[in-house]
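# Analysis of the macromolecular model
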Amino acid sequence: MSKAKKINLTLKVWRQKDQNEIGRFETHPVKGISTDMSFLEMLDHLNQQIIHAGGDPIAFDSDCREGICGSCSTTINGNPHGPDRETATCQLHMRRFEDGQTIVVEPFRARAFPVIRDISVDRSALDRIIAAGGFVSVSTGNAQDANAIPISKESSDLAFDAAACIGCGACVAACKNASAMLFTSAKISQLALLPQGAVEKDRRARNMVAQMDREKFGNCTNTGACEAACPKGITLENMARMNRQFTSAWLTARVR
Amino acid sequence: MLKLDSKIPGGPLEQKWDTHKFKIKLVNPANKRKYSVIVVGTGLAGASASASLAELGYQVKTFTSLDSPRRAHSIAAQGGINAAKNYPNDGDSVYRLFYDTIKGGDFRAREANVYRLAQVSNAIIDQCVAQGVPFARDYGGLLDNRSFGGAQVSRTFYARGQTGQQLLLGAYSALMRQVGLGTVKLFARREMLDLVVVDGAARGIVTRNMVTGEIESHVADAVILATGGYGNTFYLSTNAKGSNGSAIWKAYKKGAAFANPCFTQIHPTCIPVSGDHQSKLTLMSESLRNDGRVWVPKKEGDTRRPEQIPDEERDYYLERVYPSFGNLAPRDVSSRQAKFRVDEGRGVGETRMSVYLDFRDSIKRLGKDKITERYGNLFQMYEKITDENPYEVPMRIYPAVHYTMGGLWVDYNLMSNIPGLHVLGEANFSDHGANRLGASALMQGLADGYFVIPYTIGDYLAGSKLPKVDASHESFRAAENEARGRITKLLSVRGNKTVDELHRELGKVMWDYVGMSRNEAGLKKALTEIPRIRDEFWQNVRIPGEPNFMNQELEKAGRVADFLELGELMARDALHRTESCGGHFREESQTEDNEAKRDDEHFAYVGAWEFKGEGKVPEMSKEKLEFERIQLATRSYK
Ligand SMILES: Cc1cc2nc3c(=O)[nH]c(=O)nc-3n(C[C@H](O)[C@H](O)[C@H](O)COP(=O)(O)OP(=O)(O)OC[C@H]3O[C@@H](n4cnc5c(N)ncnc54)[C@H](O)[C@@H]3O)c2cc1C
Ligand code: FES
């Protein structure tokens, strides 16, 4: 049966009107929060409170609220998506917090993710990395029978593990260099593991990494903070795979 | 009255699509780049259409209200996608998929559309595999299948519990490839506020830049809406927070017919409501019913813990009532049965408003690992939300609003009655009749986008003489002014209730009177309650902030204002259809054992509503459904 309790909290929330304004923290007490609420429902509750008091509610992104779309992007007490492992902000529940606790709520911070307003940031740089090569070049109507090429369950499972990335950008926000290596490597890895994607794997790796650099993401210094923050458990193994790939892409390019 | 010409090609069912593809006009390759197409929405339908049209050479402009096309709510689909591959050799075929879909829809869909859907289903799977979609495979390296409700064969392809995600990422990657090539111009965080019609043809849209507040006009030779369903009219649903009906509602108000608005799907397996703070409901995929058994205690008001209730005191009611389909009875049927059990006082959980979905037996039979492999992420999601471990205690589930079969009316070419306005995916009404079978929405979205619209839009473009138009045209000016005027009006109310509060009020009326079970008195009540809430909205809503910054309350307000009109149309449609069919259950029309009773003599038609002006009663036209191949029969899953 339900173990729900009511708790009171103090929220320190980042407020910033737009990209040009300098932001600041604003403090809000929130009372009577059910521990069954999700973190975003708690923010909804606070926003209702703010609107009734005549203020401007806090802007934050969310859509599916099921941990799959990658919209939500809140840094909670310094951790992208908060304290729980493999949990996006929208799936974090208030039972994880103590009565009387102070919670600091900020956007995902990275040079490549400018703040749009409050907690909402612009992550379109990640889309541009995909546009640079995160696909198989197959147009509609060109496909052979789906079972024509058997793929070992192992490769297919590994490819799936990499494909589970939701593109939220927590890895970037967690990295002290704001690197997008985990994100980029997950896509490179997924497609390289499958025969359909392997054909253009070198070109893909080169183009995606070049775009990543153009977008002003930092370099990877192997601290592993990205892996720890990832809500989908994308592992560093993908990065090792990408590095191998990238080196070989580079080598073959030179030989040619 | 509207003249609704479905444009169904002649000839035998099996050959209609091929004949049609041969007969329709083509745009020659060199001319394609002279045509521009606007696609609104980047879910499965919109992303697949954008990519495919750009590959053909059209100039495409694609819009999404989200920050990235990859976040469209198709991403949340869990269970799978159907196709008639018959890989398991269990007797599937195009005809069987067609038949199951027509029957599943309770004989309220067009034969020709559904047959085409079944025909192209196999090519969808091929296309997705070619894109690198990691579908589940067996140890031989071949694709695996599972079963879904309303089918007795295993035809559902899946990628763990994240099929929608993987399919959407496939379509998104195809779309982004075109963005990279410069053939698609992508507009994210843009909300369509109006459709622009010039000389009777759809020629563009007006949008709001959700970051800067700018109102912009976009011109094209044709417009495609792929904006998803309107289940959020109910406030609580399995849809995303941002899912909305505004784009199709605006098109309706510009003259597009709205077909079968009352056909709503209530999904039987969702996590029950836990309190007033609830912001949305979470689906537990139907695939769970492959291995989970649904039950309630036999005794009314039995408050023992589930494990203390011995088997002989449990009522596995789906297995009891529907011995041949059992736990895989279709959604509408299963939802109603759950409601009956709760109404009988046999519901479980603290609120007594849920039933059990129990994996005890399958864990015993297959082992915990197998269950984790099949449903791990769903079990995890359930535990995160409820704080209960479904490996140990049965899940508690209850029906929730999930999908809208109704939508804009389209002909066989997926074009609405406004020339040039095409509608794809959940936003149209076309293939699911009065009830959609599990794993068929993904199939339809991708069929529409990959394999239907690329052909049919060419026919439209090649066959019409479109005058040159730009954004300075008076129709664009007028639509922009109207959009600005509405924003000013919304912001100037400065009342006392929040948008969410008013939306919740609407949702409650919808759920109580236009929900799982409907009757005349309730629907009439809804028809007085909804306008009352709407009036209050326009007099008492409080929207803080300014128009020229990101303003999420303003975004929500615009959508809720539209839901407050759309909800009324849903109630009106439900009231007029006095039969029960599929997800539309009229208490006045049921059999002795409480099954939906159809009335083919009076209701074998699509009800398409036409906007007649603000404050005026809309008018309904009928498209009669002709069944050449299938015998209308009582739908039975017993
Ligand atoms: C939780 C859940 C699970 C499901 N599971 C399954 C399943 O297993 N199998 C299955 O077959 N079906 C399933 N469905 C149904 C299926 O996912 C949907 O019907 C389908 O994905 C809808 O796709 P779509 O492309 O029509 O729209 P969506 O994916 O909803 O996309 C809508 C797009 O339109 C955009 N948009 C909307 N309004 C505007 C506007 N005014 N301006 C600009 N852009 C706008 C949005 O930003 C988005 O890009 C599920 C649905 C849900 C909710
Ligand atoms: S809102 Fe979709 S992942 Fe959090």
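Quick look at the overall build of chain B now. Check the secondary structure of chain B and you find 17 helices and 19 strands. Relative to its length of 638 residues, chain B is compact, with a C-alpha radius of gyration of 24 Å against a globular reference of 26 Å. Projected onto its principal axes, the C-alpha positions of chain B cover 75 × 60 × 50 Å. Put simply, chain B has 638 residues, and 67% of those count as buried. Considering only residue pairs separated by 6 or more positions, chain B has 74% of its internal contacts joining residues 24 or more positions apart. Accessible area of chain B: about 21,200 Å², with a carbon and sulfur share of 49%.

Another point: the packing of helix 13 (residues 474-493) of chain B against helix 16 (residues 552-576) of chain B. Residues and elements named next belong to chain B. Closest axis-to-axis distance for the helix 13/helix 16 pair is 11 Å, and the angle between their directions is 100°. Of the possible angle classes, the one that applies to helix 13 and helix 16 is roughly perpendicular. Only Leu554, Ala557, Gly558, Ala561 and Asp562 of helix 16 make contact with helix 13, whose side of the interface consists of Arg486, Ile487, Leu490 and Leu491. Residue composition of the contact of helix 13 with helix 16, by class: six nonpolar, one polar and two charged.

Moving on to the domain arrangement of chain A. All names here are of chain A. Under the domain assignment used here, chain A contains domain 1 (6-116) and domain 2 (124-255). A C-alpha centroid distance of 30 Å is found between domain 1 and domain 2. Across the contact, 17 residues belong to domain 1 and 21 residues belong to domain 2. For the pair domain 1 and domain 2, the summed buried surface comes to about 1,400 Å²; carbon and sulfur atoms form 63% of the total.

A few words on the interface of chain B and chain A. Tallying the contact residues gives 83 residues for chain B and 77 residues for chain A. A buried area of about 6,600 Å², summed over both sides, lies between chain B and chain A, and 50% of it is on carbon and sulfur atoms. Between Arg160 of chain B and Asp161 of chain A there is a salt bridge whose closest N-O contact spans 2.9 Å. Linking chain B with chain A are 45 residue pairs in polar contact (both at pLDDT 80 or more). Counting residues per element, the ones that place at least two in the side of chain B that touches chain A are helix 3 (44-56), helix 5 (111-131), helix 6 (163-181), helix 11 (368-386), helix 12 (441-463), helix 14 (499-513) and helix 16 of chain B. For the side of chain B that touches chain A, the element with the most residues is helix 6 of chain B, which contributes eight residues. The residue makeup of the side of chain B that touches chain A, split by class, is 28 nonpolar, 29 polar and 26 charged.

This next bit is on the sheet that holds strand 7 (residues 201-209) of chain B. Strand pairing within a sheet occurs via backbone hydrogen bonds; the two strands may be parallel or antiparallel. All names here are of chain B. The antiparallel open sheet is built from three strands, whose spatial order is 6-7-8. Lying at the two open borders of the sheet, with one neighbouring strand each, are strand 6 (190-198) and strand 8 (215-219). Strand-to-strand twist of the sheet, defined as the mean angle between neighbouring strand axes without regard to direction, takes the value 25°.

Cut-offs used in this document
- Residues numbered from 1 in each chain as written.
- Chains lettered and ligands numbered in written order.
- Predicted model: local features only at pLDDT ≥ 70, side-chain atom pairs only at ≥ 80, totals over all residues.
- Heavy atoms only, no water.
- Helix = DSSP H or I, 4+ residues; strand = E, 2+ residues; numbered from the N terminus.
- Rg over C-alpha atoms; globule rule 2.2 N^0.38 Å.
- Buried < 20%, exposed > 50% of the residue type's maximum accessible area, 1.4 Å probe, protein only.
- Contact = heavy atoms within 4.5 Å.
- Areas by Shrake-Rupley, 256 points an atom, 1.4 Å probe, with all protein chains shown as cover.
- Axes fitted to C-alpha atoms, helices over the stretch in contact; angles between N-to-C directions.
- Parallel < 35°, antiparallel > 145°, perpendicular 65-115°, else oblique.
- Nonpolar A, V, L, I, M, F, W, Y, C, P; charged D, E, K, R; others polar.
- Domains from an automatic or database assignment.
- Buried area = accessible area lost by both parts, 1.4 Å probe.
- Salt bridge = Lys/Arg side-chain N within 4 Å of Asp/Glu carboxyl O.
- Polar contact = N/O pair within 3.5 Å; in protein donor to acceptor, adjacent residues only side chain to side chain.
- Pairing = 2+ DSSP bridges.

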